[in-house]
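Inside the fold
This is what each chain is made of:
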Amino acid sequence: MGDFVRPEQEPRQKMLQLDSIIKLTFFFYYGVAAHLARSVGCFRFGGRFLSAALYSSVYERIHIIELPKNSTTTWILCFFTQDLVYYLGHRAAGVLWSFHQMHHSSEYYNLSTALRQGVVQDFAMVFFDLMQALVIPPNIFIIHRYLNLLYQFWLHTSAVPYLGPLEYFLNTPSSHRVHHGRNPYCIDKNYGGTLIIWDRLFGTYQPERRDEEIAYGLVTPVASFNQIWCQARIALLL
């Protein structure tokens, strides 16, 4: 049976429900705005700026095919190319772990985790960004690069359950929770950006287990909540 609510308590209960909805809405849009701000900041001052600054020049020198920029086929091809290259770069971050571990250092898994990024992380992706200049026109590269990044924001949550058939081809919160876990079965799994098909093809896919709670964070925790110290430690590759 449900809890009994006296008539005089109903207005207060409705106010509490409304307050919860307002707070959830605020934090959702705050998170999106913060993610956009971080993206712009990285674009101007980080590795993404370097990629964007060099891309047109590199494209003019090394592209091997001239794709029509207004073709739907080109946009679809570039979507898959960008996502595959992101997968390769993300997987390579396992080798360049010092660049990427800041993002994995949080022992809590929520939307704020998406904003927890190392100051040098994006420089590790420059090579993989510029690889795409072989085929992808500059304007399409920029759009797909940031759409891929923005898509990943909502993956950082424990509130969204397993999504059934979508799990077969999309990267979802369930798949990405595994990527952030430090349980033995989670290590080096689910590197996808928008799609999970690359993990399935290359043997790095791991579904979330319902019988084992995921522990988040680094296998060897940094043992500090001081963000300046954590960033300095990672920037110095200690």
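The rules we used
- Residues numbered from 1 in each chain as written.
- Predicted model: local features only at pLDDT ≥ 70, side-chain atom pairs only at ≥ 80, totals over all residues.
- Heavy atoms only, no water.
- 1 Å grid on protein atoms, 1.4 Å probe; cavity = no way out; pocket = protein on both sides within 12 Å on 5 of 7 lines; lining within 4 Å.
- Points joined across faces, edges and corners; volume = space filled by probe spheres on them.
- Helix = DSSP H or I, 4+ residues; strand = E, 2+ residues; numbered from the N terminus.
- Nonpolar A, V, L, I, M, F, W, Y, C, P; charged D, E, K, R; others polar.
- Salt bridge = Lys/Arg side-chain N within 4 Å of Asp/Glu carboxyl O.
- Axes fitted to C-alpha atoms, helices over the stretch in contact; angles between N-to-C directions.
- Parallel < 35°, antiparallel > 145°, perpendicular 65-115°, else oblique.
- Left-handed = near helix turned anticlockwise from the far one by under 90°.
- Contact = heavy atoms within 4.5 Å.
- Patch = residues over 30% accessible without salt bridge, like charges linked within 9 Å, V, L, I, M, F, W, Y side chains within 5 Å.
- Areas by Shrake-Rupley, 256 points an atom, 1.4 Å probe, with all protein chains shown as cover.
- Buried < 20%, exposed > 50% of the residue type's maximum accessible area, 1.4 Å probe, protein only.
- Phe/Tyr/Trp six-rings, centres within 6.5 Å; stacked < 30°, edge-to-face > 60°.
- pLDDT = per-residue confidence, 0-100.

**Side note on the layout of surface pockets**
Gaps left between atoms are located by rolling a probe of water-molecule size over the structure's atoms. Taken as a whole, the largest pocket encloses approximately 330 Å³ of empty space. Around the largest pocket, the lining is made up of 20 residues, and of these Trp97, His104, Ile187, Asp188 and Val219 lie nearest the centre. Only helix H4 (97-104) and helix H7 (173-180) provide two or more residues apiece to the lining of the largest pocket. At four residues, H4 tops the list of elements feeding residues into the lining of the largest pocket. The residue inventory of the lining of the largest pocket, partitioned by class, reads seven nonpolar, ten polar and three charged.

**A short note on the environment of alanine 114**
Along the polypeptide, alanine 114 turns up in the loop between H4 and helix H5 (126-131). Separated by 42 residues in the primary sequence, alanine 114 and histidine 156 place their C-alpha atoms 6.0 Å from one another.

**Some details on the pattern of salt bridges**
With the rule as written, the count across this model stands at three salt bridges. Taking the shortest distance from any N to any O, the salt bridge between aspartate 129 and arginine 145 comes out at 2.8 Å. Of this pair, aspartate 129 sits in helix H5 while arginine 145 sits in helix H6 (residues 138-151), placing them 16 residues apart in sequence.

**Focus on the packing of helix H3 (residues 72-92) against H6**
Orientation of H3 relative to H6, taken along the N-to-C sense of each, is 55°, at an axis distance of 10 Å. When the interaxial angle is binned, H3 and H6 end up oblique. Relative to H6, H3 is oriented so that their crossing is right-handed. Side by side, H3 and H6 meet where Thr74, Trp75, Cys78, Phe79, Gln82, Asp83 and Tyr86 of the first sit next to Ile140, Phe141, Ile143, His144, Arg145 and Asn148 of the second. Residues that form the contact of H3 with H6 fall into these classes: seven nonpolar, four polar and two charged.

**So, a nonpolar patch on the surface**
Taken together, the side chains of Ile62, Ile64, Ile65 and Leu134 present a nonpolar region at the surface, about 350 Å² in accessible area. Structurally, isoleucine 62 is set in helix H2 (residues 47-62). Residue classification places isoleucine 62 among the partly exposed residues on the basis of a relative accessible area of 35%.

**Thoughts on the packing of aromatic side chains**
Within this structure, the stated rule accounts for seven aromatic pairs. With centroids separated by 4.8 Å and ring planes inclined at 10°, the aromatic side chains of tyrosine 109 and tyrosine 216 adopt a geometry described as stacked. Separated by 107 residues along the polypeptide, tyrosine 109 in the loop between H4 and H5 and tyrosine 216 in the loop between helix H8 (197-202) and helix H9 (227-235) bring together distant segments of the chain. Tyrosine 216 sits in the buried class, given a relative accessible area of 13%.

**Comments concerning unusual backbone geometry**
Glycine aside, the phi torsion of most residues is negative, and most peptide linkages are trans. Residue aspartate 188 is not a glycine yet carries a positive backbone phi of 60°. Locating aspartate 188 in the fold gives a position in the loop between H7 and H8. Despite not being glycine, asparagine 190 has its phi angle at roughly 55°, a positive value. Position of asparagine 190 among the secondary structure elements: in the loop between H7 and H8.

**A word on the confidence of the model for the protein**
Mean pLDDT over the protein works out to 79, with 74% of the residues at or above the 70 mark. This model gives residues 1-9 a pLDDT under 50, and the stretch forms three contacts once residues within four places in sequence are excluded. Scored below 50 in pLDDT, residues 26-31 makes two contacts in the model with residues more than four places away or belonging to other chains.

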